[in-house]
Structure formats: C-alpha cells, structure tokens
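Now for the letters of each chain:
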Amino acid sequence: MNKEDLLANCIDEVDSGKYTLEECLAKYPELRDELRPLLEVAQCLQSEKVTPSPEFRMRARSRLLQEMRRPEPALRPRRSILDWLRPLAPALKPVVAVALVIAGLSAAGSTTIYAAQGSLPQDTLYPVKRGVENLHLVLTPDAADKARLNSTLAERRVEEAVAQAKLGREIDASALQSSAAHIDAAVKEIAAVKPEKAKELLGGLSRSSLNQQLELDEILPTLPEASQKAVRKAIETTRRANLIAGTAYGNPKFLTTSPSVLDDGIEAAHFEVEGVFLGDDDGNWNIGGVLIKNVQSSQSAPGPSESVRVEGVVRGEKVFVSEIKHKEERKDKSVEAAIAPPQPTPEQVRAVQNPDLAVSADRKEEEDDEKGIEVKGSLAGIDQERNTISVTMSGSKVSINLGEASVRDAKGNALDLPELQALQGADVKVTGLTRKDGVLSAKRVRIDPSLRQSQAEQQSEKYRSTSKQQPEEKKPDKNDSGQSQVKPGRTPVPENQRPKPTAVPAPTPRPDPPEERENDKEQKQHQDESRDD
Amino acid sequence: MDLTYQPEDALIQRATERDEAAFASIYDSYVNRVYRYVYSRTSNQTDAESITQDVFFKAWKAIGSYKRTGAPFWAWLVVIARNLVYEHYRKRTNQVPLEEAEAFSQPAEQGPEAMTEAKLDRKFVRNAVSRLKGEKREVIRMRFLEGFSYEEISKLMNKSQGAIRVIQYRALRDLRTMLDRSQC
C-alpha cells in the first residue's frame, strides 16, 4: 500500500475513533515523521462529530411522514426536454451542435453538474457550471424568462466575485466582466416583450443592479490593488445598468436604441433640465431657453409656462425623456405669466452650454463626496420607529435607514422624520448609499417636494449679484477658435448647427414679487451663463 | 415490508416512485450526515435542525425528478442542503453565504493527542484551504467539508479513488507547508 492510501486509511480510522492518532502512526513507524503533520492538519479540518439529538430525529421524521402523506397539489404534467425541443426543432439546428458539445462536457453525467453548482472561477468544475448555464439560456425560448435568467446570471457573477473576495482569493476579472454581457442580453430581451411586462423586468433589473453595486462597493476596500480595477469596472457597469433600466422604465422607446452597459458615454449622455416650459415645436422642446431637439417621450409635453424638471438620455440625434416632474403650481399665476419671457424665436434660441456653470452649494457638496452609490426617486413612505424611509425608483421600493444621514430640503434646511410625513411623493435624491448587515444607510438625503427651490434658482441668486446685464439671448460660449464650447465629453459642433442638449440645469425665472420688479438688479430673469468676450 | 436491509439503490428507486416507507428509510440513513453538513455551515443547532428538516421536505418533493445516472444520492442531497443554507443566509443578511469560510465548530471532547492539535489555529487552516488551487481545494472541500466518501468524490471528479487519495495527500502537504510558513 502506498503512503497516500496509508494516510487516507489513517484519517478514516482516527475519524471513526477506531484508533487514536498515535496508535495509527505506530502501525507505520517508517512513515511516522511524514504522516504525523498531515494527519494533524486533517484532524483540524475534520468537522465536529455533531449528531442530531434523538428527539430531533424523531420529531423531524414524524413531520416528514405527515408531509409525505399530505395530498399533492395538481401539477402540470412535467415536460421532458423533448417536449421543449419539438416545436423549436427548425430553429434549434444550430443550437443542437452547442448542446451536444455541452452534453459532451458533462459526459460524467449529472453527477459532475451537481458538484459544479457551487464552484467558483478557477475551480476545476467552473467551466461545467458555465456550460450548464449557457445551455439553460439556449433552451429558454420565452424572452421574458430569458431576460430574467440573464439578470440572474449577472447577479451570480457578482456573487462569485464577492465569495472570492471573502475567501481571500484573487477576483477573476473575465468572469466578473461577463456580467456586463448578461445585462446587455437581458436588456435586449426586455425590448422584445410587451410594455407592461417590460416595466416589471426593468424594475427587477434596476433593483438587481443596485444590489450588485452595493455588494461590490462593500468588498472594494478589502481587495488588493490587482483586483480593485476589475471590481471598479463592474461597479461602473452596474451604475450604467441602473441608468438604462431607469430610463427605459420611464420611456420604453429608449430600448430601441439597444443601449449597452459597455457604452462609456452613456452616463455623460444623461441630463436633467429644469425650467419653465416655453414650447413644443414639432418635437423640439424649449425649457427655460434650453432647446431639446427630437424629443422622444412616452409622456405628453408639459403645458406652456409650467415649471418642470425633465430628465433623459441623448442617443444619436434623439433625446429620450425618461421623467418629467412638474413643480407645484404657484399661488399667484399672474406673477408667473408676467415674468415669463416671450416665446423666443428659433433664431434667438441658443442652447446653453457652459461647463463652468457654478452649481449650487448643495450639488457641489455632493460632488465633493467620493463618488458613491446614488438613488433617485420619490418618497414613498416613512417608518419613524425604524428611522427609515422608502424610496420608489423604477417601480421598486428601497428602504433606507436615516441613522447618520443628513436630511435636507433643496434649500438646505434640515428636515426631521416627522416633517417627512407630509412630503410623501416628493422628489428624493439619496447619495452615499452603503449596506452593512443587510441594512441600507445613506450619507445624504435631499427632498424636493415641489421643485420650487430648484438648483437653477440658487444659481440665479448667485449670478444676480455679479451680472448687470439684462438677459436677452443666451449665446453659447465660444472658445478661441470661435466654435461653440461644449460640455466635456461632447464634440464641438459648428456654429451654424444647433448644438445638442446639455445636461446643465436651465435657469428659472425668479418669481419676483411684483414690488421688486422695478429693481433693475432684481429683474435678472435668466442667469447669464455665457457671454461673448 | 421491512426495508431496513434493502440495498440503497433499491430504496432510492422505490423512493422515486413515491414509496413513503422507502423514503423514510433514506431519511434514517442520511439525517445525521445532512445535519452534520448543515451544522458545519451554520454552527447553530436550531438553524441546523430547521434546515435539515427542510432538506428532506424538499428532497421528498423533488424525489420524482431524481435521475439515477450514477450520481451519488448524497451529492443530490448536498445540492439541496447547500441551496437551503444559501437561502438561509440570504434571508438573514441579504448577502451571499460563504462556502469554505464557514466557521468550523469547536472540537468535541477528545483525548490528549487531540490537545496537540490545538496549536493548529482553525482560522489559519481555513484560510489556507482557500488558497489551495484547483483539484486540491475541491478534494479537501468535498472530503472534509461536505463529507463525501472517496468513492463519491471519484465519481464526481471522474477520477479513480487512488487518484483522489493522491490529490488529498498533496493537498494536505501543501496545507501543512502553508501553515508552517505562517507560523514561523
């Protein structure tokens, strides 16, 4: 018998109690020095010889018998794999080859498949696990089911990375990156289903992306430098997935553009514009002087002179509006009508493009924070006992603990929990989201019940003191070459072409009380964001 | 009908045909092993009992679909148990449960020679296992964490039992080397 067999026998004999370690070693004196350290390690690995109590065994057995005797609910006849395949035969010819290859991989039968389920990247059986997943995908005909499965597989890749991190293993970058392909595939499938079902799937994808973002964010600080890059990339992917899901949720037409989480520019193409809605010219919206061309919206255009916040994504020549939030109606509508500028002519309108636009102190404060996880939505509920709020985003509800959060309204006034009761339905932005022990906590919560105190208004106040000119037309910034200056990330466009919409909030006409209108300073309606030199 | 001494294959076959007595015999054969597996992952008696019971409930519901293709029945039960432990952690913490990193429970009362083993810190050993590569880690995982026999492991990994023992030997040697270095 060789030493490997002797070791195995000793391990079993010591484990069963047949011999002690010394007794076992005494049988093989020539191998004592070699086997002793290995047996010591094996003993350390042996799990405790726990056995269930006789009472538990009897109790569980009795319950099992009751369970077995319970009548079964009527089940649909179980379909065999042939029943699945028969109607698909013509379409499946190319698939059959793949299936045969995968069947070959699992030539050991379902035994190997069973054992492979818990494997992680770099494990011997991991390719079998992935092969089975691919086969499952191929054999799932329904688009909605396929979307769900792809979403699950994306989650699984992240879970594997988390498990690797917690085991102190190096993250397998390629396995983690494949989550992006699954998300893109899920989005593609969702585009093929009916709108109501699509919304449900998008809500699930949004939720799942946020969850993945939180899990990856949690392990990131614990990882060595070599693994951090892959995880950071995966976090970006989940952020984009959330953006895509949220945008498509608000505007299903967005899915026709085949958005991808691999598109580096998609986040830069996201914008929010606030202002008074000045007009809809055949699909071109004017919001506070900002022209948004080729609007694709599933909601109807706002009414004239309505104060709104519009959010969306630019794709090619089109702008996909995903959300329109209306400001609360002002009590004195005549004031608004009086201060609203006349409808500008197309020649007068210029898109405002000023990357140096000063942002509100609020936003700057947030930007100064490390780029953390963010959730935007509506305030759905408050639980005073648990000190949590619920936020609805893309049809999903997220519960967030406010323990250490700074909760303020858009003006920066602190809000406490009882005050939030009256603000349900208000616009919410949560930043610095983290998760510990299953509890989501936020660093900062901003609630804007009416969008009244918009960021644009704060900007107007800031510029009012420096600007002496009355706003007339807004002109784009020009750089030295005479071209319109564009927001970072966008290519300059010739002067004679309409610039693309910007992600800069538009100034809003300040609701000057009538008695202040005579004051020249107070009459500055629009922030002068760009000037000619 | 006394099923006590029926070979396991026959018992399993009858169980797949929804024979309650056969399945009850299977329960008797496997309950300790399932409990030990679950306990090693939860370190909590109440949770282990609850999950163990659920394993057999689920196994009974799914027994009709168990295919006797040479897969060890224990492997099938391990998959069910593993998934239930997974769900258990997910419900509690909304996080992915750890595989090899589950706490090893404290050693039962052992003789004097076992005291010498106390010098081997379980935490070190556990971490060292996670650093093994490929087949070595899998053999250690299946043998010591999941309680598979050599015969079962050989079927799962499609290798001879002799080969499994060789891998085990090398894995234990590597572990020992890692542990000796870390304790220097």
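Structural notes, computed from the coordinates. None of the values given here were measured: they were computed from a predicted structure.

Cut-offs used in this document
- Residues numbered from 1 in each chain as written.
- Chains lettered and ligands numbered in written order.
- Predicted model: local features only at pLDDT ≥ 70, side-chain atom pairs only at ≥ 80, totals over all residues.
- Heavy atoms only, no water.
- Helix = DSSP H or I, 4+ residues; strand = E, 2+ residues; numbered from the N terminus.
- Buried < 20%, exposed > 50% of the residue type's maximum accessible area, 1.4 Å probe, protein only.
- Contact = heavy atoms within 4.5 Å.
- Axes fitted to C-alpha atoms, helices over the stretch in contact; angles between N-to-C directions.
- Parallel < 35°, antiparallel > 145°, perpendicular 65-115°, else oblique.
- Left-handed = near helix turned anticlockwise from the far one by under 90°.
- Nonpolar A, V, L, I, M, F, W, Y, C, P; charged D, E, K, R; others polar.
- Pairing = 2+ DSSP bridges.
- Phe/Tyr/Trp six-rings, centres within 6.5 Å; stacked < 30°, edge-to-face > 60°.
- Lys NZ or Arg CZ within 6 Å of the ring centre and 35° of its normal.
- Polar contact = N/O pair within 3.5 Å; in protein donor to acceptor, adjacent residues only side chain to side chain.

### Thoughts on the overall build of chain A
Right, on to step 1. When helices and strands are counted, chain A shows 16 helices and 13 strands.
Right, on to step 2. Looking at chain A residue by residue over its 533 residues, the buried ones come to 50%.
Right, on to step 3. Considering only contacts in chain A between residues 6 or more positions apart, those separated by 24 or more positions represent 65%.

### Considerations on the packing of helix H9 (residues 143-166) of chain A against helix H10 (residues 173-190) of chain A
All names here are of chain A.
Right, on to step 1. Packing of H9 against H10 brings their axes to within 8 Å, and their N-to-C directions diverge by 160 degrees. As far as their axial angle goes, H10 and H9 are roughly antiparallel. Relative to H10, the crossing made by H9 is left-handed. Taking contact as the criterion, the partners of Ala143, Lys146, Ala147, Asn150, Ser151, Leu153, Ala154, Arg157, Val158 and Ala161 in H9 are, on H10, Ala175, Leu176, Ser178, Ser179, His182, Ile183, Ala185, Ala186, Glu189 and Ile190.
Right, on to step 2. Of the residues that constitute the contact of H9 with H10, the class distribution is 12 nonpolar, 5 polar and 3 charged.

### Here we look at the pairing of strand E7 (residues 373-383) of chain A
All names here are of chain A.
Right, on to step 1. Across 5 bridges, the pairing between E7 and strand E11 (residues 427-436) is antiparallel. From the neighbouring strand, lysine 376 faces E11, where its bridge partner is lysine 429.
Right, on to step 2. Pairing of E7 with strand E8 (residues 388-393), which is carried by 5 bridges, proceeds in the antiparallel orientation. What sits directly across from aspartate 383, in E8, is threonine 388.
Right, on to step 3. Hairpin connection between E7 and E8: a loop of 4 residues separates the two successive antiparallel strands, and asparagine 387 in this loop has a positive phi of roughly 60 degrees.

### Overview of the packing of aromatic side chains
All names here are of chain B.
Right, on to step 1. Under the counting rule described, the total for this entry stands at 13 aromatic pairs over all chains.
Right, on to step 2. Judged by centre distance (5.1 Å) and plane angle (85 degrees), the ring pair of tyrosine 66 and phenylalanine 73 falls under edge-to-face.
Right, on to step 3. For phenylalanine 73, a relative accessible area of 3% corresponds to the buried category.
Right, on to step 4. Chaining the aromatic ring pairs together yields one cluster made of Tyr30, Tyr37, Tyr66, Phe73, Trp74, Trp76 and Phe148.
Right, on to step 5. It is arginine 18 that lies over the ring of tryptophan 60; its NZ or CZ is 4.1 Å from the centre.

### What about unusual backbone geometry?
Right, on to step 1. A positive phi angle, near 50 degrees, is found at asparagine 294 of chain A, a position not held by glycine.
Right, on to step 2. Within the fold, asparagine 294 of chain A resides in the loop between strand E3 (290-292) and strand E4 (295-297).
Right, on to step 3. The partly exposed category is assigned to asparagine 294 of chain A, whose relative accessible area is 31%.
Right, on to step 4. With phi around 60 degrees, asparagine 158 of chain B is a residue other than glycine that occupies positive phi space.
Right, on to step 5. Position of asparagine 158 of chain B relative to the elements: it lies in the loop between helix H8 (150-157) and helix H9 (161-182).

### So, the side chain of aspartate 19 of chain B
Residue and element names in this part refer to chain B.
Right, on to step 1. Looking at the secondary structure, you find aspartate 19 in the loop between helix H1 (8-16) and helix H2 (20-42).
Right, on to step 2. At a separation of 2.8 Å, a polar atom in the side chain of aspartate 19 contacts the side chain of arginine 14.
Right, on to step 3. Reaching out from aspartate 19, the side chain makes a polar contact with the backbone nitrogen of alanine 21 at a distance of 3.0 Å.
Right, on to step 4. Not counting chain neighbours up to four residues away, the residues in contact with aspartate 19 comprise Arg14 and Trp60.

### Section: the environment of valine 85 of chain B
All names here are of chain B.
Right, on to step 1. Along the chain, the position of valine 85 falls in helix H4 (residues 73-93).
Right, on to step 2. Once the C-alpha coordinates of valine 85 and tyrosine 39 are considered, the two residues, 46 residues apart in sequence, prove to be 9.8 Å apart.
Right, on to step 3. When sequence neighbours within four positions are dropped, the list of residues in contact with valine 85 reads Val38, Arg41 and Ile51.

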